[in-house]
Amino acid sequence: MAQTEKKGGLLRKSSASKKPLKEKVVLMYDEIFTTEDPSKCNPRFWEELFLMKVNLEYLEGKLEALDGEELMKIKDNINCLFQHCIQALGEEHPIRVVNALQTLCALIRGVHQKNKSTSGFDIINMLVGFDKAELCMKNLMESLDSLLCAEGSESLKSLCLKLLLCLVTVTDNISQNTILEYVMINSIFEAILQILSSPLSRREHGYDAVVLLALLVNYRKYESVNPYIVKLSIVDDEATLNVIPFLTLKLHPYSFLFRQYKDKEEEHQSGFFSALTNMVGSMFIADADEKISVQTNEAILLALYEAVHLNRNFITVLAQSHPEMGLMTTPTSPIPMTPVTPLGTTPPSSDVISSAELPLDADVQTSNLLITFLKYSSIVMQDTKDEHRLHSGKLCLIILTCIAEDQYANAFLHDDNMNFRVNLHRMPMRHRKKAADKNLPCRPLVCAVLDLMVEFIVTHMMKEFPMDLYVRCIQIVHKLLCYQKKCRVRLHYTWRELWSALINLLKFLMSNETVLLAKHNIFTLALMVVNLFNMFITYGDTFLPTPSSYDELYYEIIRMHQNFDNLYSMVLRLSTNAGQWKEPASKVTHALVNIRAIINHFNPKIESYAAVNHISQLSEDQVLEVVRSNYDTLTLKLQDGLDQYERYSEQHKEAAFFKELVRSISINVRKNLAFNTLSQELLLKEFSTIS
């Protein structure tokens, strides 16, 4: 007896003499791909079509198989299909709505594939026709808005968001996507915010909604008035502002990963072998092997950046504690499996960790959201050799730059009554001991930000020097110091670690002068570092915690004077030559005037003290005694502008970076809208009770 098998939309009998039988929906698709109107012979054609289970693979494959000329011949039928899909979205029968949404997804993706070739037709004209585009797109956006705001099926909302992501990512460069003009005119901003404001909807659809909003905000943001930018910048209701906790929770799995890493590290440190390796200086530690390998989430970081950059109310929420952070529950409905890509624009699987699985850590369960972000940044920024991690590290620093410029955020960061334990990731290095983080002190959050900057400075002195990231790190430190000076905040911080890191950075720049100068203007960075020291020298008495801290600053400058002497010799040599580095080197020469005055003033006094007291090598206390007793005769020059800085401006300096970042996210989002994410099985199950 002949057996029947189903494959690729065909019903095939085992008998070789019989022609394969096609599914009815496939036969109907074939009618659409002719030049005749399919409803001529069957007036109920379109009504019946949307009762059929969509064959996405066949429909998209059929579109892709046609060349440009063939596609233009059936343009009227494609337009008709598109318009009937929009009409079906208004039907009461949910199965019709589901099938219409999925058909629209297939149409948009299939036509996009043709647009990538040299056929040269316009996507809007091909899909809907220029003459009817405005009305059809208005109806489409209104239908999607209604479905997203309704209290109906969560699966329908999910499909609506998938369709919108299809629309937005039709082109690699979203600013060249003319379809988005209709999405701008017929805004769905309120619908997106409604999803993000509801705990249930946020859990089910929050990721897609946030990524969609981040992409829409970046449509022609420098060329025209983008309504999504305008509306995002004035959001002030608490429910909507709580999108920030959601965004930070999406970074939370990386904190969880960090905890797992720490537990594993502690396991390896126990036992005889560990004790032996520690005795010989941990010589067997392989730096590369111990790096945490994580996939960065650029889409979520972009959304977090846009929120913080455009609306300071989001910074206010970011600076608040949310004790419910660790109480995420697993979504009630299954989550479609999606291939994870290097950019991580699909939700990480660990986002659905149940509350029982989350680490019972004090700074997780009752955490300030900035702690989660700082932890995430400390992991992402450890390895900048990969392009995506470099971009994520840069985005983390840009977000911190926006925070460091905000008055409210600074007030919170420096509040001595708000202390936290922040367990940042520290990269394993041969020349330093592993940090004992079991008894971390409770400190204002600004200490963790400074720790993160110091950690980056210390761990990234390499041949592939990330100059841009170093500049941003120093700028963040400078902006924090400007706030401390302005508000006379005396922060109890181990400033010596920062001073030591900065001096070692200068030493690295000098040691690798030839290699680095071939790629970078190292004098810009050197000038920023020297001016940080000038800031401490000139205004340190207003923000350093104690007089002895100011003495220690002088001690460090005197102790490491050889590095400053070498820097002066290098910049003097280059500033006296008529080369390309003459002007930037001259600026560093002038900036060193007070540091050199300190060295030239105190060194003879120290040598004299040692000679009089017959001491070959002075202790730190003895040097500090000489420093304290000789302040009166020290003459320093007042330097202007040390406490001034240029505020962050995206349009003038970062436009190229964000254009490329949004492009890569758009490509990745489109790639991840795979067939299995649009599977109908779950949808049909949900509507199985409908007659």
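Residues numbered from 1 in each chain as written. Predicted model: local features only at pLDDT ≥ 70, side-chain atom pairs only at ≥ 80, totals over all residues. Heavy atoms only, no water.

Caption draft 1: How the structure looks around the overall build of the chain. The number of helices and strands found in the chain is 36 helices and 7 strands. A burial count over the chain gives 55% of its 691 residues as buried. Excluding contacts between residues fewer than 6 apart, the proportion of contacts in the chain whose partners are at least 24 apart in sequence is 79%. As displayed, the chain offers around 31,700 Å² of accessible surface, 52% of which is attributable to carbon and sulfur atoms. (Helix = DSSP H or I, 4+ residues; strand = E, 2+ residues; numbered from the N terminus. Buried < 20%, exposed > 50% of the residue type's maximum accessible area, 1.4 Å probe, protein only. Contact = heavy atoms within 4.5 Å. Areas by Shrake-Rupley, 256 points an atom, 1.4 Å probe, with all protein chains shown as cover.)

Caption draft 2: Local environment of the pattern of salt bridges. Counted under the stated rule, the structure contains 34 salt bridges. Between glutamate 181 and arginine 220 there is a salt bridge whose closest N-O contact spans 3.2 Å. One end of the pair, glutamate 181, is in helix α10 (residues 180–185); the other, arginine 220, is in the loop between α12 (199–217) and α13 (227–233), with 39 residues separating them in the sequence. The class of arginine 220 is partly exposed, set by a relative accessible area of 27%. Two residues, arginine 472 and aspartate 468, come together in a salt bridge whose shortest N-O distance is 3.0 Å. Highlighted residues: arginine 472 and aspartate 468, both in helix α25 (residues 467–487), separated by 4 residues, approximately one helical turn. The network of salt bridges with common partners includes Lys394, Asp468, Arg472 and Glu654. (Salt bridge = Lys/Arg side-chain N within 4 Å of Asp/Glu carboxyl O.)

Caption draft 3: Quick look at helix α35 (residues 655–672). For α35, which comprises 18 residues, the first-to-last C-alpha distance of 26 Å matches the rise-based estimate of 26 Å (1.5 Å per residue) to within 8%. Those residues of α35 that fall on the buried side of the exposure criterion are Phe657, Phe658, Leu661, Val662, Ser664, Ile665, Ser666, Asn668, Val669, Arg670 and Asn672. (Expected span 1.5 Å × (residues − 1).)

Caption draft 4: Structural detail: the packing of helix α18 (residues 298–310) against α35. Between α18 and α35, whose axes approach to 10 Å, the crossing angle comes to 135°. Judged by the inter-axis angle, α18 sits oblique to α35. When the axes of α18 and α35 are compared, the crossing they make is left-handed. Residues Glu298, Ala299, Leu302 and Tyr305 of α18 form the contact with α35, whose participating residues are Phe658, Leu661, Val662, Ser664 and Ile665. Classifying every residue of the contact of α18 with α35 gives 7 nonpolar, 1 polar and 1 charged. (Axes fitted to C-alpha atoms, helices over the stretch in contact; angles between N-to-C directions. Parallel < 35°, antiparallel > 145°, perpendicular 65-115°, else oblique. Left-handed = near helix turned anticlockwise from the far one by under 90°. Nonpolar A, V, L, I, M, F, W, Y, C, P; charged D, E, K, R; others polar.)

Caption draft 5: Representation of the packing of aromatic side chains. One pass over the structure, following the stated rule, counts 21 aromatic pairs. Both rings, one in tyrosine 305 and one in phenylalanine 658, keep their centres 4.6 Å apart while their planes meet at 20°; by these two values the pair is stacked. Of the two residues, tyrosine 305 sits in helix α18 while phenylalanine 658 sits in helix α35, which places them 353 residues apart along the sequence. Residue classification places phenylalanine 658 among the buried residues on the basis of a relative accessible area of 1%. Among the aromatic residues, those joined into a ring-pair cluster are Tyr493, Trp495, Trp499, Phe536 and Phe543. Over the aromatic face of phenylalanine 658 sits the side chain of lysine 221, whose NZ or CZ is 5.7 Å from the ring centroid. (Phe/Tyr/Trp six-rings, centres within 6.5 Å; stacked < 30°, edge-to-face > 60°. Lys NZ or Arg CZ within 6 Å of the ring centre and 35° of its normal.)

Caption draft 6: Expanded view of the nonpolar core. Phe82, Leu140, Leu445, Trp495, Phe523 and Phe533 are the most contacted members of the largest nonpolar core, which totals 218 residues. When residues in this core are grouped by element, the largest group, 14 residues, is from helix α28 (residues 522–543). Once residues lying within four places of it in the same chain are set aside, the contact partners of leucine 140 are Phe82, Ile86, Leu89, Leu104, Leu163 and Leu167. (Core = buried A, V, L, I, M, F, W, Y, C linked by side-chain atoms within 4.5 Å.)

Caption draft 7: Up close: the packing of α28 against helix α29 (residues 547–559). In the contact formed by α28 and α29, the axes pass within 10 Å of each other and the chain directions differ by 155°. Here α29 runs roughly antiparallel to α28, going by the angle between their axes. For the pair α28 and α29, the crossing hand works out as left-handed. Contacts between α28 and α29 involve Phe533, Phe536, Ile537, Gly540 and Asp541 on the former and, on the latter, Tyr550, Leu553, Tyr554 and Ile557. Residue classes in the contact of α28 with α29 are distributed as 7 nonpolar, 1 polar and 1 charged.

Caption draft 8: Focus on the confidence of the model for the chain. Looking at the chain as a whole, the pLDDT averages 80, with 77% of positions reaching at least 70. The element-level mean pLDDT for the chain is lowest in helix α17 (residues 272–279), coming to 36, with α25 highest at 97. The low-confidence segment residues 1–7 (pLDDT under 50) makes 11 contacts with residues lying over four places distant or belonging to another chain. Note that residues 265–290 has pLDDT below 50 and, in this model, 21 contacts with residues that lie over four places away or in other chains. (pLDDT = per-residue confidence, 0-100.)

Caption draft 9: Here's a closer look at the side chain of threonine 459. Here threonine 459 is to be found in helix α24 (residues 445–459). In this structure the side chain of threonine 459 is engaged in a polar contact, spanning 2.7 Å, whose partner is the backbone oxygen of glutamate 455. (Polar contact = N/O pair within 3.5 Å; in protein donor to acceptor, adjacent residues only side chain to side chain.)

Caption draft 10: Representation of α25 within the structure. Taking 1.5 Å as the rise per residue, α25 with 21 residues should run 30 Å; its terminal C-alpha atoms sit 31 Å apart, in good agreement. Arginine 488 sits one or two residues past α25 and shows a positive phi near 55°.

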